[in-house]
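Here are the chains, one letter per residue:
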Amino acid sequence: MNYQDILEASKYIKEQISISPKIGIILGSGLGDLARAASESKIIKYKDVPHFPISTVKGHAGQFVFGKLDGAEVVMMEGRFHYYEGNRMEDLSLPIYVMKTLGIEKIIVTNAAGGVNTKFKPGDLMIIRDHINFTGNNPLIGKNIDEMGERFPDMSNAYDKKLIEIVKKVANDFEIDVVEGTYFMMTGPSYETPAEIRMIRILGGDAVGMSTVPEVIAANHCKIKVIGISCITNMAAGILDEPLNHKEVIETSNKVKDKFSKLVRGIISEI
Ligand code: HPA
């Protein structure tokens, strides 16, 4: 991917939309409902956007939804690209750079994650305070795209501290319980072993998942501010005496989607 690819993708989208949102939202597994709530919406399928990778996971639609939510103009990514699908990690930054060139200043990144912290329970919403990239890869490896950002971007405020305070205030106002913690990225697609989960806990992870980190690195690279929220869909491997499966992940995210949508809409109105 190079700067020209970003501009071409961005141009294709710009020609079809009549709004100029400043907020982007990446919807994780089972959280797609929010896309339906937008008014005056315009859908752009990823498969039609020049240079975009392909998205293959069930429960991830694969499209941008531009529209208005509670008066604010937003772009939502209904479905995202994953590293485990075989995409190159650098390709996962393309949608973020495209949003940057469309004028996005802040993104709300959401995901489904396994609870590593034993105080958590399925259905909890976790504000991501920080992350650990355990993939051994980085979306910025390769020639730096100088137009997007510097070679060695700072990651010390990767999940913007001021925005975290706003999320906590909104959660408090709406009486939505939230927990906070560090998101730990594994490549997947196999779930972790119990031994890996013990390692992740020792290393400081509170929740584990297979997404988000590449997008957050790209967003920090191009200076988009980030809010991250994980839906804890299951306890991570070995904590309970039961196997993990994708069905459980989808079921839990379906159960909490109203609470989750309320929180995200509250955040949109405040930022
Ligand atoms: N592990 C990794 N990714 C996940 C999990 C998990 O337990 N739950 C949802 N996404």
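Shown above is the structure to which this text applies.
Here's what I pulled together on the structure shown here. All of these numbers come straight from a predicted model, not from anything done at the bench.

1. Focus on the overall build of the protein chain
Then, number 1: Each helix and strand in the protein chain was counted, giving seven helices and nine strands.
Then, number 2: Its C-alpha atoms give the protein chain principal-axis dimensions of about 50 × 40 × 35 Å.
Then, number 3: Across the protein chain, the fraction of contacts at a sequence separation of at least 24, relative to all contacts at a separation of at least 6, is 83%.
Then, number 4: Entry remark: accessible area of the protein chain is about 12000 Å², with carbon and sulfur atoms responsible for 50%.
Then, number 5: The distance from the centre of the 32 positive side-chain charges to the centre of the 35 negative ones in the protein chain is 2 Å.

2. A few points about the nonpolar core
Then, number 1: One finds Ile-25, Phe-64 and Met-76 to be the most contacted residues of the largest nonpolar core, which totals 77 residues.
Then, number 2: Sorting elements by how many residues they give to this core places helix H7 (residues 246–270) first, with six residues.
Then, number 3: Of all hydrophobic cores here, the second largest spans eight residues; its members include Val-116, Phe-184, Ala-236 and Ala-237.

3. Side note on helix H4 (residues 161–173)
Then, number 1: Between the first and last C-alpha of H4 there are 19 Å, a value that for 13 residues agrees with the 18 Å anticipated at 1.5 Å per step.
Then, number 2: Every buried residue of H4 is listed here: Leu-163, Ile-164, Val-167, Val-170 and Ala-171. Across the axial projection of H4, the buried residues extend over an arc of 125°, all falling on one side. Counted as exposed and oriented over 90 degrees from the buried face of H4: Lys-162 and Asn-172.
Then, number 3: Two residues or fewer after H4 comes Glu-175, characterised by a positive phi angle close to 55°.

4. Digging into the side chain of His-221
Then, number 1: With respect to the helices and strands, the residue His-221 is situated in helix H6 (residues 213–221).
Then, number 2: A distance of 3.3 Å separates a polar side-chain atom of His-221 from the backbone oxygen of Gly-149.
Then, number 3: When residues no more than four places from it in sequence are discounted, the contact partners of His-221 are Tyr-97, Leu-140, Asn-144, Ile-145, Met-148, Gly-149, Glu-150 and Pro-153.

About the cut-offs
Residues numbered from 1 in each chain as written. Predicted model: local features only at pLDDT ≥ 70, side-chain atom pairs only at ≥ 80, totals over all residues. Heavy atoms only, no water. Helix = DSSP H or I, 4+ residues; strand = E, 2+ residues; numbered from the N terminus. Contact = heavy atoms within 4.5 Å. Areas by Shrake-Rupley, 256 points an atom, 1.4 Å probe, with all protein chains shown as cover. Lys, Arg positive; Asp, Glu negative; His and termini not counted. Charge placed at Lys NZ, Arg CZ, Asp CG, Glu CD. Core = buried A, V, L, I, M, F, W, Y, C linked by side-chain atoms within 4.5 Å. Buried < 20%, exposed > 50% of the residue type's maximum accessible area, 1.4 Å probe, protein only. Expected span 1.5 Å × (residues − 1). Arc of directions from axis to C-beta. Polar contact = N/O pair within 3.5 Å; in protein donor to acceptor, adjacent residues only side chain to side chain.

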